[in-house]
Amino acid sequence: MLVLLILHLVAALLAPMLVRRWGPRACYPLALAPAATFGWAVVHTGTVRAGGAVVETYPWVAQLRLDVALRVTTLSWLMMLLVGGVGALVLVYSARYFHAGSAGLARFAAVMVAFAGAMLGLVVSDDLLLLYVFWELTTVFSYLLIGHSTERRSSRWAAAQALTVTTLGGLAMLVGFLLLGRHAGGYRVSLITTVPLPGGGYLVTAVLLILAGALAKSAVFPFNSWLPVAMAAPTPVSAYLHAAAMVKAGVFLVGLLAPALAPAGPWRPVTVAAGLVALVVGGWAALRQTDLKLLLAYGTVSQLGLLTVMLGAGTPDAALAGTAMLLAHALFKAALFLVVGILDHSAGSRDLRDLSGVWRTAPGLAVVAALAAASMAGVPPLVGFVAKEADLAAFTGRPVVLAVLVVGSALTVAYSIRFLWGAFADRPGVPATDVERPPAVMLVPAALLAAAGLAAGPAAGWLDGLLRPYAELLGPVEQGLALWHGPTVALGLSGVVLAGGVALHLVRGPLAPALARLRSPVGGNQGYEWVTHQFDRFAIKVTGATQRGALPQYLGTVLLVLVLVPGSAMLASRPWRAGVVAWDTPAQLVVCAVISVAAVFAIGARRRLTAMLLVGVTGYGTAMMFVLYGAPDLALTQFLVETATIAVFVLVLRRLPDRFSARPLRSSRWVRRGIGAAAGLVLAGLALVAAGARRAPSISLAFPDLAVAEGHGRNVVNVTLVDIRAWDTMGEISVLVAVATGVASLIYERSRTGPRPRRPRPSRDRRTVWLRGGATLQERRRSIVFEVVTRLIFHTVVLFSLFLLVSGHNAPGGGFSGGLVASLALAVRYLAGGRYELAEAVPLGTGTVLGAGLAVSVGSGVVGLLTTGEVLHSTQVPLWLPLAGHFHLVTSLFFDIGVYLIVVGLVLDILRSLGAEVDRHIEAAGEPARGLAVERKGEQR
């Protein structure tokens, strides 16, 4: 089974390339993936018929006890046949449905195959959490398929509605899964369906949440509005997703969990009531449709309601009838959707008011449609009749449900006749429709599905043996599947259903006014639009009330919540431990006092620059605390981060007023001081609580030994970053790249590489120009001393950054610290020579530097994979150089080089955006610059 999933993934990845090479004919080889699923299911028929199960389990997330647990029993085997068989036929059909050059064909082919793989994973998952993963994948892929025609607003709206409804239902279902798994002691379906579950409100809540997701996915009342709208999708999508695959996911889940949850209080009432409403409402709505595709869509809603009743009833006979109807529905409804697609292609319309006499010009298509529609109506000897009779027989002891089933089934017969009459019959006053001969590649898949429905009827006894093991999970079956049971109540009711459906069709003329008047006062689409509109209005009101654009208010609100909620709980419980040591040396007390005084004065500062410097004092004081506690690596990093932060602050302050506003600063100063002090006390208390709450030894106690033995370095901090917790660092540097992109996107109006100065023509004296950008600055803004100092220290600082990079594995330093040192060197160069000088110092684009850093860090994981079999695992390589002698190179150095480049790229992006680009904005606006040199506009051009 895992091989089948991988096959679908590979096919989906190859699909765009195949479509570019072969066009629509690429659908033929792509059909082999779902065909392999069908073949696998056929091969394992004997195991399923004997009531056995095919099980595969692969470790996944051991800490969560989550495995890739795959299991196939009767119900999942049946779904595999449908997902694989119908999927393969639909892809073959698509090879002629689409023409060469069709917009989005490559995307359609890839997503279609990927959807088939996701649906396969859903039906074979034995773990509820794994099932949910595939469940959401089908939601996303169906969204892409429904919205295939991106240029049409109706397609985009339909895709968004399907995504919204099914995703919300899926989220509710996930919570239900979590509750059910905790209640049952595990998430394996094979476990949940075999152990008795304790009742109570906990189980009731889980059942209701799971049913919400299942009903939403299968478009059962009250979530039935999205399915008809989804008919904006291409016909192959409708034939597969909305007849054989996606919409079956909900009823499949109902059938999967019914053996365990049917005895739970709300299960039967909810499934039976919702299903019966959908059965009648969908059937009645289908009689009003003139679009053949919409007629089938509302008929699907009706049939899905019937399936929900059958599989949710929780009785053996109903379960057996439900699985038979599951098979029959997929066969006849997929065939009818394909027929509609052929009509649309050949006749140019699918409106029954425009079609007339098609049975004369396309008799083969008419025969296929008649077989499929007869199975949908329950006409013997097709499989639809076998399933319908079994449905009625399963509820002979429940008269109310049985009466609704008879009414809904009669409506099914009526709209089945309406479909055939509207698509193929002669219509008075309507000229005969000119229909092109349908291609065999399009007609054969529909014919095979219709023929399968015809063959399965007489083979009902054999079919009973295949499906009975599932029904027996609920108890002994009283009446099996058969084409003829003799004169029974169910047979008589089947006759009543057929007669009633024919009568409804014959009185369609007088019935038309009633059909027009008898409808819900608020349609499903209107209800959806109203709900979404109300959510939009609510969101606007909440945003308007809370998002006022005042950062102090946001921060104050966050800190107040921190003080009131965790702070109150901490005061009430007093969980901190006694005997806390206030300080180890008097120097720590002095540094703490300096930090506190600087923080207090920063609150009262009127000038922004003063406040920034005072905040910097708190940062440097924190670095001193690291020094006093014997953490030189952390101290070095803190010093560098604080220095870089001050540089960034200086760049930002150029665009802000010199002073803070007097109001409301003065009136709220003491309030802000109080909030800050309270937040500090709460955080200090939380730190004490966290330190005292540990019950097991910290894993960091093993880091020093692991750093030497596994990471081959003595600097525990750096080895932790690049080896022990390299995956965490990988995520952090990815965030840094995203931050750099976000900062630039807010500021840049043009290319991010920045302007480059014109190089002066070579002169005879060949003098070396150290700072080319200096010549572009105004004379009154230049500082000769600053430029000379920059010339003297720049290259030394860069070399020092490389030293920190290389030596950081055994001494204080590393890629992060080295990158910050190199970045500060670039900042000094910018301050001395302006933006042209920065472009001269680093002639590369920022994206190139960031991308190279991320590529080097990620690529270093391959080195560990090749040498040790583990990604991002360090290896020590012995080397010898003539001058250096023997030494060892640790492969994690390459990871550190990537970190180095990313830090340099991030700061370079900040310098070019908040520095160079803001310079250009200031000059364009004609504003005087504060604090930094302004370049001559003549040179700018």
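Residues numbered from 1 in each chain as written. Predicted model: local features only at pLDDT ≥ 70, side-chain atom pairs only at ≥ 80, totals over all residues. Heavy atoms only, no water.

*Asks:* For the overall build of the chain, give the residues involved together with the corresponding values.
*Replies:* From N to C terminus, the chain includes 38 helices and four strands. In the chain, buried positions account for 49% of the 941 residues. Counting only contacts in the chain whose residues sit at least 6 apart along the sequence, the fraction spanning at least 24 positions is 77%. For the chain, the exposed area adds up to about 43,200 Å²; of that, 67% sits on carbon and sulfur atoms. (Helix = DSSP H or I, 4+ residues; strand = E, 2+ residues; numbered from the N terminus. Buried < 20%, exposed > 50% of the residue type's maximum accessible area, 1.4 Å probe, protein only. Contact = heavy atoms within 4.5 Å. Areas by Shrake-Rupley, 256 points an atom, 1.4 Å probe, with all protein chains shown as cover.)

*Asks:* Would you mind going over the pairing of strand 2 (residues 66-72) in detail, with residue names and values included?
*Replies:* Among the seven residues in strand 2, five count as buried, and that is most of the element. The pairing of strand 1 (residues 54-61) with strand 2 spans seven bridges and is antiparallel. Residue pairing in the sheet places Y58 in a bridge with V68 of strand 2. (Pairing = 2+ DSSP bridges.)

*Asks:* Tell me what's going on with the nonpolar core, and back it up with residues and numbers.
*Replies:* Counting residues in hydrophobic clusters, the biggest one holds 201 residues, and the most contacted among them are Y240, L253 and L261. Take this core: its biggest share by element is 21 residues, from helix 16 (residues 316-347). If we ignore the near neighbours within four places in the chain, the residues touching Y240 are L82, V83, V86, G87, V90, M112, F115, A116, A245 and M246. Within the second largest apolar cluster, 36 residues are counted, among which are L651, L805, Y830 and V903. (Core = buried A, V, L, I, M, F, W, Y, C linked by side-chain atoms within 4.5 Å.)

*Asks:* Let's hear about helix 22 (residues 460-471): which residues, and what values?
*Replies:* Between the first and last C-alpha of helix 22 there are 15 Å, a value that for 12 residues agrees with the 16 Å anticipated at 1.5 Å per step. Among the residues of helix 22, those classed as buried are A460, L463, D464, L466, L467, P469, Y470 and A471. (Expected span 1.5 Å × (residues − 1).)

*Asks:* Lay out the packing of helix 18 (residues 363-377) against helix 20 (residues 399-424) in plain terms, naming residues and giving numbers.
*Replies:* Put simply, helix 18 and helix 20 touch, their axes get as near as 8 Å, and they point 170 degrees apart. For the element pair helix 18 / helix 20, the angle class is roughly antiparallel. In contact with L365, A366, A369, A370, A373, M376 and A377 of helix 18, helix 20 contributes T412, V413, Y415, S416, F419, L420 and F424. For the contact of helix 18 with helix 20, the residue count by class is 12 nonpolar, two polar and no charged. (Axes fitted to C-alpha atoms, helices over the stretch in contact; angles between N-to-C directions. Parallel < 35°, antiparallel > 145°, perpendicular 65-115°, else oblique. Nonpolar A, V, L, I, M, F, W, Y, C, P; charged D, E, K, R; others polar.)

*Asks:* Outline a nonpolar patch on the surface, supporting the account with residue identities and numerical values.
*Replies:* Together, I784, V785, V788, V789, L792 and I793 line one region of the surface with nonpolar side chains, adding up to about 540 Å² of accessible area. Secondary-structure assignment places V789 in helix 34 (residues 784-807). The exposure class assigned to V789 is partly exposed, which follows from its relative accessible area of 36%. (Patch = residues over 30% accessible without salt bridge, like charges linked within 9 Å, V, L, I, M, F, W, Y side chains within 5 Å. Salt bridge = Lys/Arg side-chain N within 4 Å of Asp/Glu carboxyl O.)

*Asks:* Explain the pattern of salt bridges residue by residue, including any values.
*Replies:* Applying the stated criterion across every chain, the model contains seven salt bridges. For D344, the salt bridge identified is with R350, shortest N-O distance 3.2 Å. The class for R350 is partly exposed, based on a relative accessible area of 24%. Between R725 and D728 there is a salt bridge, and its shortest N-O distance comes to 2.6 Å. In this structure R725 comes out as partly exposed when scored by relative accessible area, which is 46%. Look at D728 and you get partly exposed, because its relative accessible area is 34%.

*Asks:* I'd like to hear about unusual backbone geometry, residue by residue, with values.
*Replies:* Note the cis peptide between F221 and P222, where omega equals 10 degrees. As for its position among the elements, P222 is in the loop between helix 10 (201-217) and helix 11 (226-229). Within the chain, A219 stands out as a residue other than glycine whose phi angle is a positive 55 degrees. Along the polypeptide, A219 turns up in the loop between helix 10 and helix 11. Residue classification places A219 among the buried residues on the basis of a relative accessible area of 0%. Phi is positive for H712, which is not a glycine, with a value near 60 degrees.

*Asks:* Go over the packing of helix 19 (residues 383-394) against helix 20 with me, naming the residues and quoting the values.
*Replies:* One way to put it is that helix 19 packs onto helix 20 with a least axis distance of 9 Å and a crossing angle of 160 degrees. Here helix 20 runs roughly antiparallel to helix 19, going by the angle between their axes. Once helix 19 is placed against helix 20, the crossing between them reads as left-handed. Counting all contacts with helix 19, which are made through K388, D391 and L392, the residues of helix 20 involved are L402, L405, V406, S409 and T412. Here the residues of the contact of helix 19 with helix 20 sort into four nonpolar, two polar and two charged. (Left-handed = near helix turned anticlockwise from the far one by under 90°.)

*Asks:* Let's hear about the side chain of T729: which residues, and what values?
*Replies:* Along the chain, T729 falls in helix 33 (residues 726-747). With a relative accessible area of 8%, T729 lands in the buried category. Residues contacting T729, with those up to four places away along its chain left out, are L721, F895 and V899.

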